Amino acid sequence: MKILFMGTPDFAVPSLEALLAAGHTLVGVFTQPDKPKNRGMKLQAPPVKQCALAHDIPVYQPTKLRDGSALALIQSLGPELIVVAAYGRILPQEILDAPPLGCINVHSSLLPKYRGAAPINWAILNGDAESGVTIMHMALALDAGDIIAQRATPIDPDETVESLHDRLAQMGAALLTQTVEALAQGTAQRTPQEESQVTLAPMLSRALSPMDWTRPARALHDQVRGLIPWPAAVAELNGVRCKIFATTVGKETTEKAPGTVLTADKHGLTIACGDGTVLQINELQADGGKRMKSADYLRGHPIPIG
């Protein structure tokens, strides 16, 4: 099948590679413009662009999709299907209508749950026991199109966004190739989303970072693993602002007030939380410092008990 692929970050790369492995003809790739990164602010190509160029696929990085130029380009490429995976742009109706088989999207949640930009993060932030991927027909409204196929997977209670992201990217790629084959054969299902079940997964911000010790340890643990690597959960420890990257929910309970430091030694740092629960901080990064084990940090920055 002749396919135009639209995607930008790491999540989309396995889907692009799966389409190539399945023998489809990639007539081109649309991706976001290169962006400056790191201290040198050197322009860096998105992961999807790097993958496409490695496979000699033409790459296009339009800055506008509504002035007619992108539509004209798509018409000249003549795809039978457009596949979108984390492109980061909203497609106008004329582009959605352009290919004979329409546009489909690889979304990293079990729609209609978690429509929006950060579904993987919000599944972990909310302590969900399950996540998954959805392949859907695209509609003008955000992530609102009819569902073609879904696949679910359990979330480990200690799993981070990073590991779930990588797992869902591979699951999405596998489900995508099956879906494209079903579309080609005319056997693909089409199920409207149940609007009463819709939840949203808005973009992340630093407003989500501060840790509130009156919350239970489990909720704080979910906050930590759901905000890796950005914006990261943040706590003030003995007057020093620290990003928290790894925690463990303690099995013990305490009568100490939330926020009380219970232990701070070679075994790590434990803090009293809401409902008498305890959170162990295993890995952190103080402002201006390096990411390290909490026990290593405490050697040079002792924190008093209590």
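This text gives an overview of the structure that appears in the document. (Residues numbered from 1 in each chain as written. Predicted model: local features only at pLDDT ≥ 70, side-chain atom pairs only at ≥ 80, totals over all residues. Heavy atoms only, no water.)

Focus: the state of the cysteines
As a reminder of what qualifies: Note on terminology: disulfide denotes any pair of cysteine sulfur atoms within 2.5 Å. Per-residue accessibility, obtained with a 1.4 Å probe over protein chains only, is compared with the maximum for each type, and a residue is labelled buried under 20%, exposed over 50%, and partly exposed between these values.
Scanning the entire structure with this criterion turns up 0 disulfides. Free of any disulfide, cysteine 273 has its nearest neighbouring cysteine sulfur in cysteine 242, separated by 16 Å. By relative accessible area, which is 1% here, cysteine 273 ends up buried.

Things to note about the pairing of strand 1 (residues 2–7)
How we decide: Here a strand is any run of E in DSSP of at least two residues, a helix any run of H or I of at least four, and the numbering for each starts at the N terminus. Call a crossover right-handed when, viewed with both strands pointing away from you, the route from the first strand across the helix to the second goes clockwise. Strand pairing is assigned whenever DSSP detects at least two bridges linking the two strands.
With 5 of its 6 residues buried, strand 1 lies for the most part within the structure. Each parallel crossover has a hand, and the one from strand 1 via helix 1 (residues 13–21) to strand 2 (residues 25–30) is right-handed. Bridge count for strand 1 against strand 6 (residues 81–85) is 5 bridges, and the pairing is parallel. The residue of strand 6 that forms the bridge with glycine 7 is alanine 85.

Comments concerning helix 2 (residues 47–54)
Just so we agree on the cut-off: It is the directions from the helix axis to the C-beta atoms whose arc is reported. Whether two residues touch is decided by their heavy atoms; if any such pair falls within 4.5 Å, the residues are in contact.
Where helix 2 is concerned, the buried positions are Val48, Lys49, Cys51 and Ala52. Here the buried residues of helix 2 occupy an arc of 160 degrees about the axis, which is enough to place them on one side. On the buried face of helix 2, the contacting elements are strand 1, helix 1, strand 2 and strand 5 (59–60). Directly beyond the C-terminal end of helix 2, a positive phi value near 60 degrees is found at aspartate 56.

Remarks on helix 6 (residues 161–185)
Where we set the bar: The span expected for a helix works out to 1.5 Å for each residue beyond the first.
Over its 25 residues, helix 6 runs 35 Å from end to end, which matches the ideal 36 Å to within 8%, given 1.5 Å per residue. Glycine 186 sits one or two positions beyond helix 6 and adopts a positive phi of about 75 degrees.

Remarks on the sheet that holds strand 1
Rules: All axes are obtained by fitting lines to C-alpha atoms, using only the stretch in contact for helices, and the reported angles, taken between N-to-C directions, cover 0 to 180 degrees.
One open sheet holds the 7 strands; their spatial order is 5-2-1-6-7-8-9, and the pairing between them is mixed. Two strands bound the open sheet, and with one partner strand each, they are strand 5 and strand 9 (147–154). By the bridge criterion, 3 bridges tie strand 6 to strand 7 (residues 103–107) in an arrangement that is parallel. Residue pairing for strand 7: valine 83 is matched across the bridge by isoleucine 104. Running over the sheet, helix 6 touches strand 1, strand 6, strand 7, strand 8 (130–137) and strand 9 and is turned about 150 degrees from strand 9.

Focus on the layout of surface pockets
The following threshold applies: Definitions used for this entry: grid spacing 1 Å over protein atoms alone; cavity, a set of points where a 1.4 Å probe fits but cannot get out; pocket, an open set with protein on both sides within 12 Å along at least 5 of 7 lines; lining residue, one with an atom within 4 Å of a point. Grid points are joined across faces, edges and corners, and a volume is the space filled by probe spheres set on the points. Under the grouping applied here, Gly and all other residues not named as nonpolar or charged are polar, the nonpolar ones being Ala, Val, Leu, Ile, Met, Phe, Trp, Tyr, Cys and Pro and the charged ones Asp, Glu, Lys and Arg.
Roughly 1600 Å³ of volume is contained in the largest pocket. When contributions to the lining of the largest pocket are tallied by element, the ones reaching two or more residues are strand 3 (35–37), strand 7, helix 5 (119–125) and helix 6. Taken together, the residues that form the lining of the largest pocket break down as 29 nonpolar, 11 polar and 7 charged. Taken as a whole, the second largest pocket encloses approximately 150 Å³ of empty space. Put simply, the parts of the chain that give the lining of the second largest pocket at least two residues each are strand 11 (240–249) and strand 14 (278–286). Looking at which element gives the most residues to the lining of the second largest pocket, the answer is strand 11, with 3 residues. Along the lines of polarity and charge, the residues of the lining of the second largest pocket split into 4 nonpolar, 2 polar and 4 charged.

Observations regarding unusual backbone geometry
For the bond running from isoleucine 228 to proline 229, omega is 0 degrees, close enough to zero to count as cis. On the secondary structure map, proline 229 appears in the loop between helix 7 (217–226) and strand 10 (233–237). Even without glycine at this site, aspartate 56 takes up a positive phi of about 60 degrees. Relative to the assigned elements, aspartate 56 resides in the loop between helix 2 and strand 5. If you check the backbone angles, asparagine 238 has positive phi at about 55 degrees while not being a glycine. For asparagine 238, the position within the fold is in the loop between strand 10 and strand 11.

Functional significance is not addressed by these values, which are geometric in nature.
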